Amino acid sequence: MKKSKKFKKLKLKKAKAKKEYSEIKIKKSGFISAIFKYYKVYPVLYTIAITATILASVLTVIIPKVTNTFLTNGFDPNKIIQLTYILISLQVGSGILMYIRNLTGGLIGVKIEIEYRNKVLDQLLKVDMSYYETSKIGESLTKLISDTEIIGDNMQAIPLAFLSALVTFIGGIIVTFSINWQMSLIVLGIILIIAVAAIFSVQIIRILNYKWRKVYTEVNADVTDRISTIALIKSNATEESEMKRFLSEHKRYYGASKKTINFNSFAQALLVTLLTGINIVGLVTGLHFASKGIIEPAVVISFMLSVNTLIFPIIQSIQFLTNWARASTAILRINEILDVKPKIVDADKAIKVNSISGDIIFKNVNFRYKEGSPWILKDFDYTFKKGKSYAIVGATGVGKSTISKLLLRYYDPESGEILINNTNLKQLNLKSYLGHVGYIEQDPQILYGDFTENIRYTKQNATNAEIAAAAKKANLSDYIEELPDKYQTMLGERGMNLSGGQKQRVAIARVFLKNPELLILDEATSALDNIVEKEIQAQFNKLMVGRTSIVIAHRLSTIKNVDQILVLEKNRGLVQTGTFEELKVKEGHFKNLYQAGLMD
Ligand SMILES: Nc1ncnc2c1ncn2[C@@H]1O[C@H](COP(=O)(O)OP(=O)(O)OP(=O)(O)O)[C@@H](O)[C@H]1O
Ligand SMILES: [Mg+2]
């Protein structure tokens, strides 16, 4: 009974491995075509590298040939000096060529690595917000940093190693055969058998490698995620258990590495032993032929030198086949990012927005984050009139922030339209539209940089005076002026050095600087104390004059003066609209909220 269970498990495991194997086999990495593509991009560098490689290989195979000419036709001891000079010159020449090849190859590698990085980065900037909800940032970073390096390195090393191996091997074969074809035939036969074994083992390495890198990426993602929540760890004193977690994650990594390294080492050792063993075959064959008088005994030396030149290209081939496996794994993994098709992209003839001149209309908008998940907005119909101010209120999770995210086009409605200037938002050039939108989110984002850099983010060409004016309006300048480095004070990663309220003020300063036509404030003042909030509210009230403003807030003070309040309710959508004075007395959700003291 137990046995059959075990057998079943084993069978299942085998089936899984088979499936993974065929999946990886089917996934084409396009590595070869990428090499050709990059040859066209860097023709000069590649040509220099290839020429140097071929010449270096030619020099390598010439050495035994030259030696052979000296050894046959009667050995003349007086020529030893001459032979030494020639051999040293050939060796030095091959050294110089190797330098040129490594230099140009290395440069090509870095250039391709940078290109791949930029491609991945560009894609990471373009993918939809939803991409980041399902993928771990650490995974993307590993692919961005480590896989691109592997690709860059191999994109030059593999074709060059291949050429070098090919030229050396063919040249070596010619030279070996020219010395004695019968002996060469024996050696060549053995080499071919080993080559077949090598190709087979590379296939296995490829699969093991894919799994290994997968675990490596997962571990990296986990570590990145944990380190970025350091405050949570510190506040709960969970350093020890986190460390344990890292250790166990790395154990998993070690396990996956062990398999690959084990097989790699075994395959390499076996193949290299077999290959160097060819020397023995060459020596024994040579001695046998010499003893029969078929060749001169001295020829055994040049034959051995020549056989030796055959071994190196094969060892090189095994290495580059293994690297090829690594590189195609890296390309497959990078393609997992590059193949993501962003849905939020500009339409073909997207209309440039010079100004948000009309109302903002939600027309029968239906939205949910994923198919099958609950609707957040159902048949949402509302017109935000130009120049008027609005507040959206409702319980937590009801969909207030979602409305602002739809306005920023982080997502598109599943059906219905959002009209800006009477045109569907999807038809607009997003960059030009967002240029007129000011947004303060619930959790403001701070860059690693100083105050100037951070505030300037919404208007890249802003002068220092403009930045200072914006900081003043955001009630931030008094604080900044007190600091020794003033506007050059670094804010730390994610604004570590700032209080919650200060972070909000930086975000507020950004909006004052941008001076947008549409203002979206998502709990923009929630982290400020009452007094400061009042002061900033007064500034906002000024800023809101004449521009369409949508304010999401819980506090009475923030919504009291708006032109219209929208009340959202879970699963029911928009349940009430009206001014503060109207809603306060009207039977309904808002009155309940107000009376329960939830609106101050
Ligand atoms: N990216 C997302 N993917 C899936 N569901 C999401 C996503 N963002 C928000 N939600 C869900 O959508 C609902 C509405 O979220 P939203 O952020 O709009 O609420 P909210 O009204 O702003 O709440 P709060 O007052 O707490 O800020 C919530 O139930 C939330 O869990
Ligand atoms: Mg919210």
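Look up: the structure comes first, before these words.
Here the structure is a predicted model, which is why all the values come from computation and not from measurement.

Draft legend 1. How the structure looks around the sheet that holds strand E3 (residues 389–394). Spatially, E6-E7-E8-E3-E9-E10 is the arrangement adopted by the 6 strands of the open sheet, whose pairing is mixed. Each of the sheet's edge strands pairs with one partner strand only, and the pair in question is strand E6 (437–440) and strand E10 (573–578). Ignoring strand direction, the axes of neighbouring strands in this sheet form an average angle of 15°. Here helix H16 (residues 500–514) sits on the sheet and contacts E6 and strand E7 (518–522); the angle it forms with E6, its principal contact strand, is near 170°.

Draft legend 2. Structural context of the environment of Phe 246. By the secondary structure assignment, Phe 246 is in helix H9 (residues 239–291). Taking relative accessible area as the criterion, Phe 246 reaches 13% and is therefore assigned buried. As for Phe 246 and Ser 146, which are separated by 100 residues in sequence, their C-alpha atoms are 20 Å apart. Every residue in contact with Phe 246, bar those within four places of it in the chain, is listed here: Asp 222, Val 223 and Arg 226.

Draft legend 3. Examining the site of ligand 1 more closely. Not every one of the 13 residues close to ligand 1 is listed here, only the nearest: Glu 133, Thr 396, Lys 400, Ser 401 and Thr 402. Contact distances for ligand 1 include 2.8 Å between an oxygen atom and a side-chain N or O atom of Ser 401. At 2.4 Å, a side-chain N or O of Thr 402 approaches an oxygen atom of ligand 1. For ligand 1, whose unbound accessible area comes to 640 Å², protein coverage reaches 69%. The element contributing the most residues to the shell around ligand 1 is helix H11 (residues 400–407), with 3 residues.

Draft legend 4. Main features of the packing of aromatic side chains. On inspection of all chains with the given rule, the structure shows 16 aromatic pairs. Ring centres 5.0 Å apart and planes at 65° place the aromatic pair Tyr 382 and Phe 384 in the edge-to-face group. You can call Phe 384 buried: its relative accessible area is 0%. A network of ring pairs unites the aromatic residues Phe 362, Phe 380, Tyr 382, Phe 384 and Tyr 390 as a single cluster.

Draft legend 5. Seen up close, the nonpolar core. Counting 39 residues, the largest nonpolar core has Phe 451, Ile 455, Phe 540, Ile 565 and Phe 590 as the members making the most contacts within it. Where this core is concerned, the elements lending two or more residues are E3, helix H13 (451–456), helix H14 (464–473), H16, E7, helix H17 (530–544), strand E9 (564–569) and helix H19 (580–585). Among the elements that make up this core, the one with the highest residue count is H16 (7 residues). What Phe 451 contacts, discounting residues up to four positions off in sequence, is Leu 476, Tyr 479, Ile 480, Leu 483, Lys 486, Tyr 487, Thr 489, Leu 491, Leu 498 and Val 506. Counting residues in each nonpolar core, the second largest holds 32 residues, with Leu 377, Phe 384, Tyr 390 and Leu 430 among its members.

Draft legend 6. Spotlight on unusual backbone geometry. Even without a glycine there, the phi angle at Asp 379 is positive, about 45°. By the secondary structure assignment, Asp 379 is in strand E2 (residues 377–384). The backbone of Arg 409 shows a phi angle near 55°, a positive value even though the residue is not glycine. In this structure, Arg 409 sits in the loop between H11 and strand E4 (415–420).

Draft legend 7. Seen up close, the packing of helix H6 (residues 137–179) against helix H10 (residues 299–338). As a packed pair, H6 and H10 sit with axes 6 Å apart at the nearest point and diverge in direction by 155°. What the angle tells us is that H6 and H10 run roughly antiparallel. Helix-helix and strand crossings are classified by hand; for H6 and H10 the assignment is left-handed. Within the contact of H6 with H10, the residues separate by chemical class into 24 nonpolar, 14 polar and 5 charged.

Draft legend 8. Quick peek at a nonpolar patch on the surface. There is a patch of nonpolar side chains on the surface, built from Tyr 132, Ile 137, Leu 141 and Ile 145 and spanning about 330 Å² of accessible area. The class for Leu 141 is partly exposed, based on a relative accessible area of 34%.

Draft legend 9. Seen up close, the packing of H9 against H10. Axis separation between H9 and H10 bottoms out at 10 Å; the angle between their running directions is 165°. Accordingly, the angle class assigned to the pair H9 and H10 is roughly antiparallel. Remark: the crossing between H9 and H10 carries right-handed chirality. For the contact of H9 with H10, the per-class residue count stands at 15 nonpolar, 9 polar and no charged.

Draft legend 10. Molecular detail of helix H2 (residues 31–41). Taken as a whole, H2 has its buried residues at Phe 31, Ala 34, Ile 35 and Tyr 38. Axial view of H2: buried residues confined to an arc of 105°, hence all on one face. Opposite its buried face, H2 presents the exposed residues Phe 36 and Lys 40, each directed more than 90 degrees away. For H2, the secondary structure elements touched by its buried residues are helix H3 (43–71), helix H4 (80–126), H6 and H10.

Draft legend 11. Main features of the pattern of salt bridges. Going through the model one piece at a time under the given rule, you end up with 16 salt bridges. Among the ionic pairs, Arg 333 bridges to Asp 147, the shortest N-O distance being 2.6 Å. One end of the pair, Arg 333, is in helix H10; the other, Asp 147, is in helix H6, and 186 residues separate them in sequence. With relative accessibility at 3%, the residue Arg 333 sits in the buried group. Overall, the relative accessible area of 0% leaves Asp 147 in the buried class.

Draft legend 12. A look at the side chain of Thr 148. Looking at the element boundaries, Thr 148 is found in helix H6. Once residues lying within four places of it in the same chain are set aside, the contact partners of Thr 148 are Glu 113, Tyr 116, Arg 117, Val 120, Lys 143 and Ile 334.

Draft legend 13. Representation of the sheet that holds E4. Taken in spatial order, the 4 strands line up as E2-E1-E4-E5 in an open sheet, and their pairing is antiparallel. Each edge of the open sheet carries a strand with a single partner, namely E2 and strand E5 (423–424). Of the strands in this sheet, strand E1 (360–367), E2 and E4 touch H11, which is tilted by about 115° from E1.

Calculation notes
Residues numbered from 1 in each chain as written. Chains lettered and ligands numbered in written order. Predicted model: local features only at pLDDT ≥ 70, side-chain atom pairs only at ≥ 80, totals over all residues. Heavy atoms only, no water. Pairing = 2+ DSSP bridges. Helix = DSSP H or I, 4+ residues; strand = E, 2+ residues; numbered from the N terminus. Axes fitted to C-alpha atoms, helices over the stretch in contact; angles between N-to-C directions. Contact = heavy atoms within 4.5 Å. Buried < 20%, exposed > 50% of the residue type's maximum accessible area, 1.4 Å probe, protein only. Near = heavy atom within 4 Å. Polar contact = N/O pair within 3.5 Å; in protein donor to acceptor, adjacent residues only side chain to side chain. Areas by Shrake-Rupley, 256 points an atom, 1.4 Å probe, with all protein chains shown as cover. Phe/Tyr/Trp six-rings, centres within 6.5 Å; stacked < 30°, edge-to-face > 60°. Core = buried A, V, L, I, M, F, W, Y, C linked by side-chain atoms within 4.5 Å. Parallel < 35°, antiparallel > 145°, perpendicular 65-115°, else oblique. Left-handed = near helix turned anticlockwise from the far one by under 90°. Nonpolar A, V, L, I, M, F, W, Y, C, P; charged D, E, K, R; others polar. Patch = residues over 30% accessible without salt bridge, like charges linked within 9 Å, V, L, I, M, F, W, Y side chains within 5 Å. Salt bridge = Lys/Arg side-chain N within 4 Å of Asp/Glu carboxyl O. Arc of directions from axis to C-beta.

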